[in-house]
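Results of the structural survey
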Amino acid sequence: MLPIIVTAAILREGETVLITRRPLQSKHGGLWEFPGGKLDPNETPQEGLRRELREELGIDSEVGDIFEVVYFRYPQTPVLILAYECRHLDGVIQNIEVSEHRWVPVTELHRYDILPADAPIIARLQR
Ligand SMILES: Nc1nc2c([nH]c(=O)n2[C@@H]2O[C@H](COP(=O)(O)OP(=O)(O)OP(=O)(O)O)[C@@H](O)[C@H]2O)c(=O)[nH]1
Ligand SMILES: [Mg+2]
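What you see is a predicted model, and the numbers here were worked out from it, not measured in a lab.

Here we come to the overall build of the protein chain. The helix and strand inventory of the protein chain stands at two helices and seven strands. The helix and strand sequence of the protein chain, counted from the amino end, reads β-β-β-β-α-β-β-β-α. In terms of overall size, the protein chain behaves like a compact globule, its C-alpha atoms giving a radius of gyration of 13 Å where 127 residues would be expected to give roughly 14 Å. Expressed along its principal axes, the backbone C-alpha trace of the protein chain runs to roughly 40 × 35 × 30 Å. Of all 127 residues assigned to the protein chain, the portion counted as buried reaches 44%. Taking all contacts inside the protein chain whose residues are at least 6 apart in sequence as the whole, residues at least 24 apart take part in 67%. Counting only carbon and sulfur atoms, one obtains 50% of the accessible surface of the protein chain, whose full area is about 7100 Å². On the protein chain, the mean spot of the 14 positive side-chain charges and the mean spot of the 20 negative ones are 5 Å from each other.

Right, let's get into the coordination of the magnesium ion (ligand 2). When a metal holds four donors in a tetrahedron, each ideal angle between them is 109.5 degrees; when it holds six in an octahedron, the ideal angles are 90 or 180 degrees. Within the protein, G36 (O) and E56 (OE) serve as the donor atoms for the magnesium ion (ligand 2), at 2.1 to 2.3 Å. One end of the pair, G36, is in strand β4 (residues 36–38); the other, E56, is in helix α1 (residues 45–57), with 20 residues separating them in the sequence.

Here we come to the pattern of salt bridges. Using the criterion set out here, one finds 11 salt bridges in the structure. Here R12 ties to E85 by a salt bridge, and the two come within 3.4 Å at their closest N and O atoms. Of this pair, R12 sits in strand β1 (residues 4–13) while E85 sits in strand β6 (residues 78–90), placing them 73 residues apart in sequence. Here R51 and E43 are joined by a salt bridge, their closest N and O atoms 2.6 Å apart. Neither R51 nor E43 differs from the other in exposure class; each is buried. Salt bridges linked by common partners bring D40, E43, R51, E52 and E55 together as one network.

Glancing now at the UniProt feature "binding site: 8-oxo-dGTP" (unreviewed entry) in the protein chain. According to UniProt, the "binding site: 8-oxo-dGTP" (unreviewed entry) feature falls on R22, E33, F34, P35 and G36. Within the element layout of this structure, F34 appears in the loop between β3 (32–33) and β4. Those residues in contact with F34 that sit more than four places away from it in its chain are A8, A9, I10, V17, L18, I19, T20, D118, I121, I122 and L125. Among the secondary structure elements, P35 is positioned in the loop between β3 and β4.

Rules and cut-offs
- Residues numbered from 1 in each chain as written.
- Chains lettered and ligands numbered in written order.
- Predicted model: local features only at pLDDT ≥ 70, side-chain atom pairs only at ≥ 80, totals over all residues.
- Heavy atoms only, no water.
- Helix = DSSP H or I, 4+ residues; strand = E, 2+ residues; numbered from the N terminus.
- Rg over C-alpha atoms; globule rule 2.2 N^0.38 Å.
- Buried < 20%, exposed > 50% of the residue type's maximum accessible area, 1.4 Å probe, protein only.
- Contact = heavy atoms within 4.5 Å.
- Areas by Shrake-Rupley, 256 points an atom, 1.4 Å probe, with all protein chains shown as cover.
- Lys, Arg positive; Asp, Glu negative; His and termini not counted.
- Charge placed at Lys NZ, Arg CZ, Asp CG, Glu CD.
- Donors = N, O, S within 2.8 Å, 3.2 Å for Na, K, Ca; no water.
- Salt bridge = Lys/Arg side-chain N within 4 Å of Asp/Glu carboxyl O.
- UniProt positions renumbered as here; feature names shortened; annotations may be inferred.

Take a look at the structure:
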């Protein structure tokens, strides 16, 4: 099966990185992740990630360099996650399509129940 392509944002503030919590009623509800989502047809990854950050958090952003690429097999379908360094340009972060957001020091990410596919992203953040 071909993987679903997903983009994820690495947004930093000082030593911290932004993680968001999936709504309880959604798939993997209650788990933490990096904001982002599935690519729509005919969208570039950068366009898709900017759209997701607007939809989920209400912010304008700039998508920068690729940070990590992860292939992971979930029981239902594999995912290919493209994680990009992003810059928060404008707007106050709101929990629109997420239940919570938190700025977490990279050394404390292990305290959170983060989606298993994100392990290589976390490892790179902690290097
Ligand atoms: N955004 C995001 N998705 C991730 C991460 N890690 C990870 O395994 N995923 C998986 O990627 C898939 C797509 O993400 P999503 O459900 O947020 O997609 P979406 O925002 O387009 O939402 P939708 O499906 O309700 O339209 C999910 O199955 C999710 O489990 C991550 O760090 N960020
Ligand atoms: Mg999403």
